[in-house]
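# Architecture at a glance
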Amino acid sequence: MTIKWWTIMGRAVLICLMAMAAAAPAAATDIAPFKDDLFAHPAVIEESADGAFRRYDYREMRDINGRDEIPERRAKRAYVDLSVNRAARERVIANGAGQVTVNEFGVEAGARFVVIFVHGRDGDRRLGSDDWRFGGNFNRLKNLATRNGGTYYVPSLPDFEAGGQGVIRALFAHSRQVSPQAPIVLACGSMGSALCLAAARDGALASELGGLVLLGGVPDGSLADSAAARARLPIVFGHGENDRVYDWRIQRAVFDRLRSSGGYPARFHLFATGSHGTPIRMIDWRDTLNFVLANGR
């Protein structure tokens, strides 16, 4: 494998960030605050399933137009901290069928936790690395990983079937090699959730998983019978109430089936009036990571 540094200052900044991580609490379940006042979920307007299902007061005028300098294209500067990109890397990983280039943020090895984001249809690794779109939410995720001794990987997927599954397996193998103790959180948006679901069904991959995050994902009732569900791995669902691609009610049925086993560690975040892309903008990554890491393995 090879590495191309994005800036000549990358290594110096990375050493500084690693020192910050070393000073942080050792538990992977304790993700320190970062811009929480700007990124916390909006007010809860409905709650059920002992608080595991929450419907939030999402409002387009406030949460897009009020948050973005250019609506849906560029967040206001307060939401973004670009210093995290000084230690960003492009890593080339062999995946059995060739090589895949992955954007990598955070520590190179010995991570406390790993997050892998899988884009949806018509996307690539630029989406999960974008500092300005989706209200700066990916910039926050990069910062949360980097500032807390984690590693964040963003691959480009050739498809959402065998080719994409090969990329995910290669990333899992690489993560296990360089950070053998780190729980792996697999987060997938839209059609990319097909790869989250495939990993959940794959016994070998499920044994390496720490948890799943499905944002506007494909509803699949078989998730409740998967290897990941049998291991009671935490799963977080995020969905827009007005999603016209995948109906939230069908995804809620998947959540309810998981919860029917009694105390299953799952959460469902529904954003009132939200569209298909709303969960990617509005998911509170710190809250989500703390939940997954606290309930995973």
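Located above this text is the structure these notes cover.
Residues numbered from 1 in each chain as written. Predicted model: local features only at pLDDT ≥ 70, side-chain atom pairs only at ≥ 80, totals over all residues. Heavy atoms only, no water.

## Some points on the overall build of the chain
Per the secondary structure count, the chain includes eleven helices and 13 strands. A sequence separation of at least 24 residues applies to 74% of the contacts in the chain between residues at least 6 apart. Roughly 12,100 Å² of accessible area belongs to the chain as shown, and the carbon and sulfur atoms make up 51% of that amount. (Helix = DSSP H or I, 4+ residues; strand = E, 2+ residues; numbered from the N terminus. Contact = heavy atoms within 4.5 Å. Areas by Shrake-Rupley, 256 points an atom, 1.4 Å probe, with all protein chains shown as cover.)

## Regarding the nonpolar core
Ile116, Leu186, Leu223 and Phe237 are the most contacted members of the largest nonpolar core, which totals 49 residues. If near-sequence neighbours (up to four positions away) are discounted, leucine 186 is found in contact with Ile116, Val118, Ile168, Phe172, Leu195, Cys196, Ala199, Leu209, Gly211, Leu212 and Val213. Leu127, Leu289, Phe291 and Leu293 belong to the second largest nonpolar core, which has 27 residues in total. (Core = buried A, V, L, I, M, F, W, Y, C linked by side-chain atoms within 4.5 Å. Buried < 20%, exposed > 50% of the residue type's maximum accessible area, 1.4 Å probe, protein only.)

## Remarks on the pattern of salt bridges
All chains considered together, the criterion is met by 25 salt bridges. Salt-bridge contacts for arginine 62 lead to aspartate 63; the nearest nitrogen and oxygen are separated by 3.0 Å. Owing to a relative accessible area of 9%, aspartate 63 belongs among the buried residues under this scheme. Of the charged contacts, one joins arginine 249 and aspartate 247 as a salt bridge, the two residues approaching to 3.2 Å between their closest N and O atoms. According to the relative accessible area criterion, aspartate 247 is partly exposed, its value standing at 31%. (Salt bridge = Lys/Arg side-chain N within 4 Å of Asp/Glu carboxyl O.)

## Examining the side chain of threonine 278
For threonine 278, the location among the structural elements is in helix α10 (residues 278-282). Here threonine 278 falls in the buried class, since its relative accessible area comes to 3%. Reaching out from threonine 278, the side chain makes a polar contact with the backbone nitrogen of serine 275 at a distance of 2.7 Å. Ignoring anything within four residues of it in the chain, the contact list for threonine 278 reads Tyr58 and Phe271. (Polar contact = N/O pair within 3.5 Å; in protein donor to acceptor, adjacent residues only side chain to side chain.)

Without other data, these values stay purely geometric and don't point to any function.
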